[in-house]
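As a plain string of letters, each chain reads:
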Amino acid sequence: KNSRLLTENIAYNKAEVNNFALKSKILTLDKASVTNLNRNKPENLSISLPDPQTGNTFEILLSKIDIYSDNFSVREIGKNGIKNLIPTKNMHYQGIIKDNQNSMVTFSVFENSVMGIISTDNGNFVLGPVKNENKEITDSYIIYNDIDVISKPGFECGSGNGYDKYYLTPKNLNVVPSGDRTTS
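Note that the coordinates shown come from a computational prediction; the quantities given were computed from them, not determined experimentally.

Turning to the sheet that holds strand E3 (residues 44-50), a few remarks are in order. In spatial order, the strands read E1-E2-E11-E10-E9-E8-E7-E4-E3; together these nine strands make up an open sheet with antiparallel pairing. With one partner strand each, in any of the chains shown, strand E1 (6-8) and E3 form the two edges of the open sheet. Ignoring strand direction, the axes of neighbouring strands in this sheet form an average angle of 25°. The sheet contact formed by strand E7 (residues 91-97) and strand E8 (residues 100-109) spans six bridges and is antiparallel. Paired with histidine 92 across the two strands is serine 108, which belongs to E8. Sitting on the sheet, helix H2 (residues 31-40) is in contact with strand E2 (24-29), E3, E7, E8, strand E9 (114-120) and strand E11 (137-145), with an inclination near 90° to E8.

Written as structure tokens, this is what we have:
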């Protein structure tokens, strides 16, 4: 069990977070736990996370999966042509919430961060790092149900209005793990 991985942080700007999602929790990542995960590379993982809607706890049971094919490669296209890069093979897990066979959980462990999605009959709960003013990943994390995100007219992830700090766009991927948040 890795119960120290993320702990609830009650000292945060609640007004700012409440403007982003109706119900959410802010967590703090324990970097030593991430280092231990990367060193030990466990086949199975158990994590406890708060349910921001009910205040209960998600007891998550995970098994390691390999998402990389044998010929997986990363290439960068630049002004000097195509360059082959040595990819970092991060750890990825899938599983369920304990005693909830209708749930599905994905969880990824990177060098200094984690992210995940918990799908239940009540919606999709997104776990991701909060970015600072320079759009750098911090040790603060947010967990929220995507149905609780407050739509703002003209909001587009990355528009600079401040809300984009709750979405992580990994530097080597052009994806937003919580899905397309563009509104019209």
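Okay, the packing of aromatic side chains next. Counting across every chain of the model gives two aromatic pairs. Residues phenylalanine 20 and tyrosine 144 carry aromatic rings whose centres are separated by 5.1 Å and whose planes lie at 90° to one another, so their mutual orientation is edge-to-face. Of this pair, phenylalanine 20 sits in the loop between helix H1 (14-18) and E2 while tyrosine 144 sits in strand E11, and the two are 124 residues apart along the sequence. Phenylalanine 20 sits in the buried class, given a relative accessible area of 2%. With 5.0 Å between their ring centres and 65° between their planes, phenylalanine 58 and phenylalanine 125 make a pair best called edge-to-face.

Criteria and thresholds
- Residues numbered from 1 in each chain as written.
- Predicted model: local features only at pLDDT ≥ 70, side-chain atom pairs only at ≥ 80, totals over all residues.
- Heavy atoms only, no water.
- Pairing = 2+ DSSP bridges.
- Helix = DSSP H or I, 4+ residues; strand = E, 2+ residues; numbered from the N terminus.
- Axes fitted to C-alpha atoms, helices over the stretch in contact; angles between N-to-C directions.
- Contact = heavy atoms within 4.5 Å.
- Phe/Tyr/Trp six-rings, centres within 6.5 Å; stacked < 30°, edge-to-face > 60°.
- Buried < 20%, exposed > 50% of the residue type's maximum accessible area, 1.4 Å probe, protein only.

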